[in-house]
Amino acid sequence: MTMIVAETAQKEHARYFMRDERDEKALLGQARALDQDALAEIHDAYYPAIYRYISFRVDDLHTVQDLTSEVFTRFIAALRKRLGQPRSIGPWLYGTASRVVKEHYRARKHWDLVAIDESMAAEQMGLAESVDQAWARRELHEAIQGLTEDQQTVLALRFGGGLPIKEVARLIKKSEGAVKMLQARAISALASRMVERK
């Protein structure tokens, strides 16, 4: 299941990250002019991937929606400013998503309750199964929080965002070998932490 989601995300992302640079620059130019069609195209193209990226780092789905919307709100605000405008679309959105997630965790107070999406419980499964899934999701997110910032970013971009190693390396300004090593160490650390929790 996870493999299918990652493959779908990679194919979806390939359409936008492998675009001709001239096309992206033209689209960004139209967006700077606040062209509604260009802004809608950017939103439609990147929202699902940014959402997945954030959902890999944040365990509450309502918060994920809010933070994803915040990324696009900041994008439009940056376009309106004369200084600090985005020079590229994807890297700017992912960089902003990373900052938004960091700000969220800095501002968030720790609590020990697990949020249960009641509509999911009512529609898809019994309450016990819903609680089990919520606890498993929470444990995974807690284990991810124990990784280094670089490891979290690589995992979120690779599996949450569905990006290929080459694109992750470009976004975080590291070599492809360094990205592969960060990914391998992160997966190993996660596996160890999840086994310890059982």
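Note that the structure is predicted; figures quoted are calculated from it, not measured.

Undergrad: What is the right way to look at the packing of aromatic side chains in this model?
TA: Any two aromatic rings considered together are summarised by their centre-to-centre distance and by the angle between their planes. Counted under the stated rule, the structure contains four aromatic pairs. Look at Tyr-53 and Tyr-94: their rings are 5.5 Å apart centre to centre, the planes differ by 90 degrees, and that puts the pair in the edge-to-face class. Note that Tyr-53 is positioned in helix 3 (residues 36–57) and Tyr-94 in helix 5 (residues 90–107), a separation of 41 residues in sequence. Considered together, Tyr-53 and Tyr-94 belong to a single accessibility category, that of buried residues. Members of the aromatic cluster, joined through ring pairs, are Tyr-47, Tyr-51 and Phe-72. The ring of Phe-159 carries Arg-158 above its face, with NZ or CZ at 5.8 Å from the centroid.

Undergrad: Would you take a moment to explain the side chain of Thr-63 for this structure?
TA: Tracing the backbone through its elements, the reader meets Thr-63 in helix 4 (residues 61–80). Here Thr-63 is in contact with Val-58 and His-104, once residues within four sequence places are set aside.

Undergrad: Just to check I follow, could you spell out the packing of helix 8 (residues 149–160) against helix 9 (residues 165–172) for this structure?
TA: Each pair of packed helices can be described by the angle between their axes along with the distance between the axes. Across the interface, helix 8 lies against helix 9 with an axial gap of 10 Å and an inter-helix angle of 135 degrees. Classed by the angle they form, the pair helix 8 and helix 9 counts as oblique. At the point where helix 8 passes helix 9, the crossing takes the right-handed sense. Contact residues: Thr-153, Val-154, Leu-157 and Arg-158 in helix 8; Ile-165, Val-168, Leu-171 and Ile-172 in helix 9. Split into classes, the residues belonging to the contact of helix 8 with helix 9 amount to six nonpolar, one polar and one charged.

Undergrad: Could you clarify how one ought to interpret the packing of helix 3 against helix 4 in this entry?
TA: In the contact formed by helix 3 and helix 4, the axes pass within 9 Å of each other and the chain directions differ by 140 degrees. On the basis of the axis angle, helix 3 is oblique to helix 4. The two elements helix 3 and helix 4 meet at a crossing, and its hand is right-handed. On helix 4, the residues that touch Leu-39, Ile-42, His-43, Tyr-46, Tyr-47, Ile-50, Tyr-51, Ile-54 and Ser-55 of helix 3 are Leu-61, Val-64, Gln-65, Leu-67, Thr-68, Ser-69, Val-71, Phe-72, Phe-75, Ile-76 and Leu-79. Here the residues of the contact of helix 3 with helix 4 sort into 15 nonpolar, five polar and no charged.

Scoring rules and cut-offs
- Residues numbered from 1 in each chain as written.
- Predicted model: local features only at pLDDT ≥ 70, side-chain atom pairs only at ≥ 80, totals over all residues.
- Heavy atoms only, no water.
- Phe/Tyr/Trp six-rings, centres within 6.5 Å; stacked < 30°, edge-to-face > 60°.
- Helix = DSSP H or I, 4+ residues; strand = E, 2+ residues; numbered from the N terminus.
- Buried < 20%, exposed > 50% of the residue type's maximum accessible area, 1.4 Å probe, protein only.
- Lys NZ or Arg CZ within 6 Å of the ring centre and 35° of its normal.
- Contact = heavy atoms within 4.5 Å.
- Axes fitted to C-alpha atoms, helices over the stretch in contact; angles between N-to-C directions.
- Parallel < 35°, antiparallel > 145°, perpendicular 65-115°, else oblique.
- Left-handed = near helix turned anticlockwise from the far one by under 90°.
- Nonpolar A, V, L, I, M, F, W, Y, C, P; charged D, E, K, R; others polar.

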